[in-house]
Amino acid sequence: MFWAAMIGILVALALALVRAIAGPTVYDRILAVNSFGTLTVLALSVIGFLMGRPDFLDIALVYALINFIGTIAVLKFLRYGDFARATQADDNDLV
Amino acid sequence: MDHHFVIRVVGKLLIPLVLLFALYVQFHGDYGPGGGFQAGVIFAAGFILYGLIYGLDTLRRVFPPWLVRLLVAFGVLIYAGTGIASMILGSKYLDYSVLGPTAAKGQHYGILIVEFGVGMTVASAMVLIFYSFAGRGRQTGEDFGEIDSEDRRDRPDG
Amino acid sequence: MEIVNHILFYASWALLAAGGLLCVIGAFGLVRFPETYTRMHAAGVIDTGGALLILAGLMLQSGLTLETVKLALIMFFLLFTSPTAGYALARGTWSAGHRPITHTRSDARTDGHSDSAGMTDDG
Amino acid sequence: MTVEEIINIVLLTMLALTAVGIARLRNLFAVTMLSGIYSLLSASIFVVLDAVDVAFTEAAVGAGITTVLLLGTLMLTDREARDGSRANRAGAMIVVVALGGALFYATLDPMMPRFGDPRTPAQTHVAPQYLKDTVPQGSSKEPVKVGIPNVVTTVLASYRGYDTLGETVVIFTAGIAVLLLLGQRRRRRRDTPGQNPSGNKDADRAAGAED
């Protein structure tokens with residue numbers, strides 16, 4: 001019964017991979033990698049149940065936490081060309 | 001990406017959880033998957049996220065470079081020192097059995113201490129490498145054409 | 001008790017299947033949609049619908065155990081990180097000068113319906 | 001075919017496609033993104049192979065840190081890879097095909113144990129002793145030598161303690177080497193606003209001097 005989810009996730013992984021390779025803009029690739037990360041989290045959770053070893057959930061948890069860092073780093077790199085600058089909290093946005 | 005309010009708030013929520021999870025991985029590595037290396041990397045990832053969101057200068061105040069450089073060496077010292085300690089207590093180098101009341105306890109303590117040293121070295125080495133790379137980049141992103149005139153105006157050194 | 005177990009079983013089966021289906025739909029949109037903004041919308045289907053349904057289905061499977069807590073944590077993190085990443089990505093795309101398509105597909109046929117004119121990164 | 005085999009085949013196919021994509025693309029930024037996908041896929045494969053600790057390492061390193069470090073490197077270099085000459089590429093192709101063929105030929109040896117065979121030296125030499133020392137043996141409750149249940153941690157930190165010490169020193173050395181090469185100071189040149197995207201600092205400086 002975990003198969004229904006697993007097949008869906010594997011097909012979705014393949015399609016996201018197509019988008020990551022095809023591009024065409026960098027933002028499409030970032031989007032594809034981000035979706036790929038989410039799908040991997042799901043795949044790891046489902047595999048854990050498929051094989052009856054829920055230890056695997058720790059790995060999915062790591063991905064869920066850390067995948068975010070890669071995306072932020074990439075966007076920051078694209079915007080500023082380096083990592084040093086602080087992100088600006090615009091005062092108009094606070095209210 | 002100038003209005004980073006959302007990212008700053010989510011970062012504030014997420015960074016403590018990343019660090020907490022790193023501690024869980026560090027000290028739960030003898031029961032579940034994980035250990036010093038993984039924990040060190042996750043710990044460093046938390047600090048790097050902080051640096052990415054709040055700026056490198058803020059991160060340098062939180063985790064000053066002299067401390068990072070000290071901890072890189074200190075982790076190796078903890079590891080090697082455990083070996084020396086087991087020698088002083090009358091066994092071979094890195095034989096932890098003599099560290100506790102029973103051999104199994106001693107092994108347990110020794111592994112925890114050693115993993116702590118590994119985690120310390122890995123975390124601070126990763127942050128050190130991040131410090132070295134970050135801030136050395138070019139100020140422009142013109143290869144991708146996203147720097148518009150508006151951004152050029154508000155850049156401090158443009 | 002027997003009946004409750006049966007209901008839980010079929011409910012989690014339905015949730016898992018629906019989640020898998022939403023993942024495929026979202027990924028299909030990721031490939032087929034014409035430009036970055038619409039693709040972001042399709043990716044949102046994976047990040048919210050697909051992820052939540054699959055994790056909820058797994059939670060029903062595991063019952064009240066440590067796994068359920070971990071699954072809830074994963075759900076919690078995904079619910080915070082993926083919208084934030086999507087937001088940052090959309091802002092980045094906008095700042096880079098990409099603009100969403102505002103005309104319909106029949107108009108698009110005349111002037112090339114993708115955003116890629118002059119915007120590709122691997123020329 | 002078992003569940004694991006099917007999932008493995010699908011994941012390995014995607015891994016190969018990603019590798020081909022990495023080799024074919026010239027835009028280094030796209031390559032960085034694809035290497036992120038490569039790491040995600042390898043972690044999934046390690047999980048299917050039951051190597052949870054390896055997968056954990058791959059997850060922790062590949063998801064965040066590798067991307068950040070690769071981007072950090074990308075800041076200091078070009079963003080486009082240059083093609084080698086045609087002769088170079090042909091030579092590389094021949095070497096790769098020959099090596100791959102040789103490795104494939106080696107697996108055809110009848111003496112080669114099957115995948116996951118319990119009678120291989122790797123499974124019969126020291127592994128049973130480690131398991132016996134670490135995992136409580138059923139109902140007999142005999143005292144185990146090492147008091148922790150995760151065998152991987154036991155092997156890494158205790159039985160292979162010297163190796164792990166060496167690895168820690170390697171990471172220490174890597175940190176020191178990066179520190180020596182790149183330094184700690186932020187060197188931002190404030191006099192040249194538009195820098196040369198190709199990273200050719202000499203040309204940039206010459207152009208600045210003429211102004």
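Residues numbered from 1 in each chain as written. Chains lettered and ligands numbered in written order. Predicted model: local features only at pLDDT ≥ 70, side-chain atom pairs only at ≥ 80, totals over all residues. Heavy atoms only, no water.

### A short note on the overall build of chain C
We count it as follows: A run of DSSP states H or I qualifies as a helix once it reaches four residues; a run of E qualifies as a strand once it reaches two. Both are numbered from the N-terminal end. Throughout this description, buried means an accessible area under 20% of the type-specific maximum (1.4 Å probe, protein chains only), exposed means over 50%, and partly exposed covers the range between. Contact between two residues is taken to exist if any of their heavy atoms lie within 4.5 Å; hydrogens are not considered. Methods summary: accessible areas were calculated by the Shrake-Rupley approach with a probe of 1.4 Å, and residue burial reflects only the protein chains presented.
A count of helical and extended segments in chain C gives 4 helices and 0 strands. Scored against the burial criterion, the 123 residues of chain C give a buried share of 38%. Pairs at least 24 apart in sequence give 58% of the contacts found in chain C among residues at least 6 apart. For chain C, the accessible surface area stands at approximately 6,300 Å², while carbon and sulfur atoms represent 69% of it.

### What about the overall build of chain A?
Within chain A, the secondary structure is distributed over 4 helices and 0 strands. Along chain A, from the amino end to the carboxyl end, the secondary structure elements read α-α-α-α. Here chain A, with 95 residues, has 75% of them falling under the buried criterion. Sequence separation of at least 24 residues holds for 44% of the intrachain contacts in chain A that already meet a minimum separation of 6. When the accessible surface of chain A is totalled, it reaches about 2,100 Å², and 60% of it is carbon and sulfur.

### Things to note about the pattern of salt bridges
In plain terms, the rule: Here a salt bridge means any side-chain nitrogen of Lys or Arg lying within 4 Å of a carboxyl oxygen belonging to Asp or Glu.
Applying the stated rule across the entire model yields 2 salt bridges over all chains. Note that A:Asp58 and C:Lys70 form a salt bridge whose closest N and O atoms lie 3.0 Å from each other. Of this pair, A:Asp58 sits in helix H3 (residues 56-80) while C:Lys70 sits in helix H3 (residues 66-95), each in a different chain.

### A look at unusual backbone geometry
All names here are of chain B. Although it is not a glycine, leucine 94 adopts a positive phi angle of roughly 60°. Here leucine 94 shows up in the loop between helix H4 (65-88) and helix H5 (103-133). For leucine 94, a relative accessible area of 5% translates into the label buried.

### So, the packing of helix H2 (residues 36-54) of chain B against helix H3 (residues 52-75) of chain D
Helix packing geometry: the angle between the two helix axes and the distance between the axes. Which entries qualify depends on this criterion: To define axes, lines are fitted to C-alpha atoms, for helices over the stretch in contact only, and angles between the resulting N-to-C directions are given on a 0 to 180 degree scale. For classification purposes, angles smaller than 35 degrees are called roughly parallel, those larger than 145 roughly antiparallel, those between 65 and 115 roughly perpendicular, and all remaining angles oblique. Handedness of each helix crossing follows the sense of rotation of the near helix against the far helix: counterclockwise by less than a right angle gives left-handed, clockwise gives right-handed. Residues are grouped as follows: Ala, Val, Leu, Ile, Met, Phe, Trp, Tyr, Cys and Pro are nonpolar; Asp, Glu, Lys and Arg are charged; every other residue, Gly included, is polar.
Put simply, H2(B) and H3(D) touch, their axes get as near as 9 Å, and they point 25° apart. The angle between H2(B) and H3(D) places the two elements in the roughly parallel class. In this structure, the crossing between H2(B) and H3(D) has a hand that is left-handed. For the pair formed by H2(B) and H3(D), the contact residues are B:Phe37, B:Gln38, B:Val41, B:Ile42, B:Ala44, B:Ala45 and B:Ile48 on the first element and D:Asp53, D:Phe56, D:Thr57, D:Ala60, D:Val61, D:Ile65 and D:Val68 on the second. Residues belonging to the contact of H2(B) with H3(D) are distributed by class as follows: 11 nonpolar, 2 polar and 1 charged.

### Section: the interface of chain C and chain A
Note the following rule: Buried area: the sum, over both parts, of the accessible surface (1.4 Å probe) that disappears when the two are put together. Pairing of N or O atoms within 3.5 Å defines a polar contact, subject to two protein rules: one partner must be a possible hydrogen donor and the other a possible acceptor, and residues neighboring in sequence count only if both atoms are side-chain atoms.
With 49 residues of chain C at the contact, the number on the chain A side is 43 residues. Roughly 3,900 Å² is buried in total at the junction of chain C and chain A, and carbon and sulfur atoms are behind 77% of that figure. When residues of chain C are sorted by the area they lose upon contact with chain A, C:Leu30, C:Ile74 and C:Leu89 head the list and together hold 14% of the total. Along the contact surface separating chain C from chain A lie 2 salt bridges. The salt bridge involving A:Asp28 is made with C:Arg39; its shortest N-O contact spans 2.7 Å. Our count for the contact surface shared by chain C and chain A stands at 6 residue pairs in polar contact (both at pLDDT 80 or more). Mapped by element, the contributors of at least two residues to the side of chain C that touches chain A are helix H1 (2-32), helix H2 (36-62) and H3 of chain C. At 15 residues, the largest contribution of residues to the side of chain C that touches chain A is made by H3(C). Classifying every residue of the side of chain C that touches chain A by side-chain character gives 28 nonpolar, 14 polar and 7 charged.

### A look at the side chain of A:Ser35
Here A:Ser35 lies in helix H2 (residues 26-50). Dropping the residues within four chain positions of it, A:Ser35 is found in contact with C:Leu30, C:Ala43 and C:Ile46.

### Looking at the packing of aromatic side chains
Operational definition: Any two of the Phe, Tyr and Trp rings considered here, Trp counted by its six-membered ring, make a pair once their centres fall within 6.5 Å; the pair's planes then place it as stacked at under 30 degrees, edge-to-face at over 60, or tilted in between.
Summed over the entire model, instances satisfying the criterion amount to 12 aromatic pairs over all chains. Between B:Tyr50 and B:Tyr54, the aromatic rings sit 4.9 Å apart at their centres with planes inclined by 35°, giving tilted as the arrangement. Taken together, the residues B:Tyr50 and B:Tyr54, both in helix H2 and 4 residues apart, mark about one turn of the helix. Taking the relative accessible area as the measure of exposure, B:Tyr54 reaches 12% and is therefore buried. For the ring pair D:Tyr130 and D:Tyr159, a centre distance of 4.0 Å and an interplane angle of 25° mean the geometry is stacked.

### Here we look at the environment of B:Ala39
Residues and elements named next belong to chain B. Considering the arrangement of structural elements, one finds alanine 39 in helix H2. Residue class for alanine 39 comes out buried when judged on its relative accessible area of 2%. A sequence separation of 15 residues divides alanine 39 from tyrosine 24, and the C-alpha atoms of the two residues are 8.0 Å apart. With sequence-adjacent residues up to four places away left out, alanine 39 is seen in contact with Ala22, Val25 and Gln26.

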